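Listed below, chain by chain, are the residues.
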Amino acid sequence: MVSLKQMASGHTDRLATDVQYLKGVGPKHAMTLRKLGLVTVGDVLWHLPRRYEDRRHLPLVRDLRAGEAATVRGRLRGVTSRPTRGGKVIIKARLADASGEISLVWFNQRHVLTQLQKVQGEIVAFGVVKEGERYQLEMASPEWEAIDEDDDPEEFARLQPVYPLTEGVPQWLVRRAARSAVEHFAQDVPDPLPASLREAQRLPKLAWAMRQIHRPDSPKAQEDARKRLVFDEFFFLQVALQMRRREVKQEVGTSFPISQLAGAPASGANLFSAMEDHHSGDLWEQVHAILPFELTSAQRRVVGEVWADMERPVPMNRLVQGDVGSGKTAVAACAMLAAVRCGYQAALMAPTEILAEQHFINLSRLFEPAGVDIKLLVGKQGSREKKRAMEATANGEAQICVGTHAIIQEHVTFHKLGLAVVDEQHRFGVVQRMALRQKGYGNPDFLVMTATPIPRTLTMTLYGDLDLSVIDELPPGRKPIKTHWRAPNDRPQVYAGVRKLVEEGRQAYFVCPMINESEKMQTQAAEDLFYRLKDSEYPDLRIGLLHGQMKAADKEAVMDQFRRHELDILVATVVIEVGVDVPNASAMVIEDANRFGLAQLHQLRGRVGRGSTQSFCVLVADAKTEDTRKRMEVLVETTNGFVIAEEDLKLRGPGDLAGTRQSGDVEFKIANLVDDGPMLEVARRAAITFLERDPDLSHPEHALLIDRVRERRSDEALIAVS
Ligand code: ADP
Ligand code: MG
């Protein structure tokens, strides 16, 4: 029997045609196209334009304005090159049309010179217009191409696609291949979306979209075509994520008998009446007894969600997102307490030793009075201490194990690990999370926590297979951190301000920037600042130094001193970025703040404002660029991590931000998370409805869709929680 999929592959075979058979390509050009990875007609069709050039109404040179991007058409006058002092070369040409002239300038692109010298007729050039020497307009390093005299004028005067290229592949060749591919093969592109879905979403057919994306009839048509392709990209990913999510929910996990824990359901007079329905009153009372503060209502809600997950017989996969200082550790503690009281072990994995150590100190303080045994396991521990921790973990004596990557090493075993908590989870790769999972007793419950305020659009793409809880409230009594942006010249006032706070009994951080990703240079910068402050600025104050190249024991010693208020000032590199919690520290001075990303600055600033006194953050930065100015202003204006993340996304683009995840980034060919956020939401809802009707894609009409979903399923992101 011939399946629908096989029938469809009749089309696909045509798309597998070698590019050399495309009109105007041939074997020689086919070799050139190979450099771009374009081997088949299908490859050419899916090699999408990067932008378009509207050649329907080109401006006259006379009408150009500095600061605009523009395309101009004209003849070349005088192509010259001259060497620079540094041994490079500057190439200049003038482009003239009936109205005037503009200079075109290239730096050190010798091949451009040879190409320009060959030009006979007119060229088009695209670039940003600037005011050059003697107020003459010029374009620096414009994209350009010679106009083929034989081209019909109508072919010229349209929205021209501009394709991504690589060294040695000319624009005209890709255009020619694409044009021919669209003419003869676009109708063969099979449409994976069933007609009903397409109609419901008011999307055009894929073949039409393919034609219009390469050779748009109008900007509107191009936009509609793009929409269709963006929808597809999001939709297949969302179907894959939702399927993964369903599968996880069918796995067998531990059901923690939280509601059957000893003790009667709490009486109505309980403080936490909102959560009474879980009959976990006894556990709430225990939480109440061990925590030195009342949980915020957001924390209570999230703990309720976590406990409810833990009670279900499927493995929990929950992401807790909460801004810096929102109190995620307390939520983790509640989850771990539940696991322990139900007779299981819990593990907490943190990305740095400082953080693991701090969690250990804080959690010991809470748990030890309650008779819970808790052990620390980090790489640089002494071998005897480590051995003891490992034995206790293996035989079940340790009920909670806190550590770094050390806890996922091969020789570490657990007696009965029921709950794994991963703090600052974006710092860990997929492999590490999987290793932790494998240490579990069956499928352990997973709670992952992140302070990186990932915008909702990104959360959905990156973690669409996790359940999400958001702690959207800060503990009470916090005064919003006052943030100031100061120029380097203002340092004396900044230093005086810090001194005043220290004299009032507060502590301060000074952070110096990352330089070239080099740990060594970073250390150097921190040491310089440390000695400068110690020798000339604050000889009378107690100053400590913390950087990544110090021995673990030394780092711990310094952190301890700072925690115990035996130091007034801590000079540090970004090693303190994540999680460090010293409530008495109320000033944060960030040197060369322009060298940090927005999200990183926000994290750093989050080290203060953890107590009840007014905290300050001073960004010392030169406003050399507009971009710096904008970033500093965002921080001064808001302390809301989500707002900052959105701004960061706008300023940097999603590539960078997604890069805060160490692995498993989802890549998009055409969609752009900054602009297409709303479409992502549409696609997600469509995917959920779609799967409700056909959960395992068994409907014959969905045969074509399977391949596209499968491609997405092999993305690393989808095994983020596998
Ligand atoms: P983060 O979410 O950044 O990991 P932490 O868990 O480190 O935040 O908590 C930040 C600080 O707030 C800690 O000093 C913690 O003791 C305190 N804290 C957490 N929850 C509360 C609460 N409900 N009331 C008062 N203080 C709290
Ligand atoms: Mg934390």
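Residues numbered from 1 in each chain as written. Chains lettered and ligands numbered in written order. Predicted model: local features only at pLDDT ≥ 70, side-chain atom pairs only at ≥ 80, totals over all residues. Heavy atoms only, no water.

A separate point is the side chain of Glu 138. Mapped onto the elements of the fold, Glu 138 is located in strand E6 (residues 137-140). Excluding anything up to four places from it in sequence, Glu 138 contacts Ile 102, Ser 103, Val 105, Val 128, Val 129, Lys 130, Gly 132 and Glu 133. (Helix = DSSP H or I, 4+ residues; strand = E, 2+ residues; numbered from the N terminus. Contact = heavy atoms within 4.5 Å.)

Time to look at the site of ligand 1. Ligand 1 sits among 16 residues. The nearest are Glu 294, Gly 325, Lys 328, Thr 329 and Arg 478. One nitrogen or oxygen atom from the main chain of Gly 325 is found 2.7 Å from an oxygen atom belonging to ligand 1. The contact in question runs from an oxygen atom of ligand 1 to an N or O atom on the backbone of Ser 326, over 3.4 Å. Burial of ligand 1 by the protein chains amounts to 85% of its free accessible area of 560 Å². Across the shell around ligand 1, the residue classes break down as four nonpolar, six polar and six charged. (Near = heavy atom within 4 Å. Polar contact = N/O pair within 3.5 Å; in protein donor to acceptor, adjacent residues only side chain to side chain. Areas by Shrake-Rupley, 256 points an atom, 1.4 Å probe, with all protein chains shown as cover. Nonpolar A, V, L, I, M, F, W, Y, C, P; charged D, E, K, R; others polar.)

Quick look at the nonpolar core now. Core analysis: the biggest nonpolar cluster contains 59 residues, and Leu 22, Leu 33, Leu 45, Phe 234 and Phe 235 have the highest contact counts within it. The set of elements that each furnish at least two residues to this core consists of helix H2 (26-34), helix H3 (41-45), helix H6 (171-185), helix H8 (206-214), helix H9 (219-250), helix H24 (677-693) and helix H25 (703-713). Element by element, the count of residues in this core is highest for H9, at twelve residues. If we ignore the near neighbours within four places in the chain, the residues touching Leu 45 are Leu 15, Ala 181, Val 182, Phe 185, Val 189, Met 210 and His 214. Listed in part, the 49 residues of the second largest apolar core include Val 302, Val 331, Leu 363 and Met 449. (Core = buried A, V, L, I, M, F, W, Y, C linked by side-chain atoms within 4.5 Å. Buried < 20%, exposed > 50% of the residue type's maximum accessible area, 1.4 Å probe, protein only.)

Glancing now at the pairing of E6. For strand E4 (residues 100-107) and E6, the ladder comprises three bridges, and the chain directions are parallel. Its bridge partner lying in E6, Val 105 is registered against Ala 140. Between the end of strand E5 (residues 122-131) and the start of E6, which pair antiparallel, lie five residues, with Arg 134 showing a positive phi angle near 45°. (Pairing = 2+ DSSP bridges.)

Glancing now at the confidence of the model for the protein. Summarising the model, the protein shows a mean pLDDT of 85, and 88% of its residues fall at 70 or more. Every residue in residues 655-665 is under pLDDT 50, and counting partners more than four places away or in other chains gives 24 contacts. Predicted confidence is poor over residues 716-722, with pLDDT under 50, and the contacts of this stretch with residues over four places away or in other chains come to 26 contacts. (pLDDT = per-residue confidence, 0-100.)

With respect to burial, strand E20 (residues 585-590) is a largely interior element, six of its six residues being buried. Pairing of strand E17 (residues 507-511) with E20, which is carried by five bridges, proceeds in the parallel orientation. Its bridge partner being in E20, Tyr 509 is matched across the sheet by Met 588. Two strands pair when backbone bridges link them, and E20 and strand E21 (residues 616-620) are joined in this way by four bridges, in the parallel orientation.

Turning to the packing of aromatic side chains, a few remarks are in order. For the coordinates displayed, the defined rule picks out twelve aromatic pairs. Between the aromatic rings of Phe 256 and Tyr 344, the centroid separation amounts to 4.9 Å while the plane-to-plane angle is 65°, which identifies the pairing as edge-to-face. Placement of the pair is Phe 256 in the loop between H9 and helix H10 (281-290) and Tyr 344 in the loop between helix H12 (328-341) and strand E10 (345-349), with a sequence separation of 88 residues. The exposure class assigned to Phe 256 is buried, which follows from its relative accessible area of 0%. When the ring of Phe 530 is compared with that of Tyr 531, the centres are 5.0 Å apart and the planes differ by 70°; the resulting orientation is edge-to-face. Since its relative accessible area comes to 8%, Phe 530 is described here as buried. An aromatic cluster is present here, built from Phe 231, Phe 235, Phe 236 and Phe 690 joined pairwise through their rings. Note that Lys 416 overlies the ring of Tyr 441, its terminal NZ or CZ placed 5.4 Å from the centroid. (Phe/Tyr/Trp six-rings, centres within 6.5 Å; stacked < 30°, edge-to-face > 60°. Lys NZ or Arg CZ within 6 Å of the ring centre and 35° of its normal.)

Negative phi values dominate among residues other than glycine, just as trans dominates among peptide bonds. Even without being a glycine, Ser 141 presents a positive backbone phi close to 40°. For Ser 141, the position within the fold is in the loop between E6 and strand E7 (143-146).

Here we take up the pattern of salt bridges. Within this structure, the stated rule accounts for 33 salt bridges. Two residues, Arg 50 and Glu 143, come together in a salt bridge whose shortest N-O distance is 3.1 Å. A residue pair is termed long-range when its members are at least 10 positions apart, and Arg 50 in the loop between H3 and strand E1 (51-54) and Glu 143 in strand E7 qualify at 93 residues. We classify Arg 50 as partly exposed; its relative accessible area is 49%. The closest approach of N and O atoms between Glu 681 and Arg 685, which form a salt bridge, is 3.7 Å. Highlighted residues: Glu 681 and Arg 685, both in helix H24, separated by four residues, approximately one helical turn. Each member of the salt-bridge network shares a partner with another, and the members are Arg 50, Arg 51, Glu 53, Arg 55, Glu 143, Glu 145 and Arg 175. (Salt bridge = Lys/Arg side-chain N within 4 Å of Asp/Glu carboxyl O.)

Turning next to helix H21 (residues 626-637). In this model, H21 (twelve residues) spans 16 Å end to end at C-alpha, consistent with the 16 Å of a helix rising 1.5 Å per residue. Here H21 has its buried residues at Thr 628, Arg 631, Met 632, Val 634 and Leu 635. Across the axial projection of H21, the buried residues extend over an arc of 155°, all falling on one side. (Expected span 1.5 Å × (residues − 1). Arc of directions from axis to C-beta.)

On to the sheet that holds strand E16 (residues 482-486), then. Taken in spatial order, the six strands make up an open sheet running E16-E21-E20-E17-E19-E18, and their pairing is parallel. Since the sheet does not close on itself, it has two edges, and those belong to E16 and strand E18 (543-546), each with one partner. Sheet twist, expressed as the average angle between the axes of neighbouring strands with direction ignored, equals 15°. (Axes fitted to C-alpha atoms, helices over the stretch in contact; angles between N-to-C directions.)

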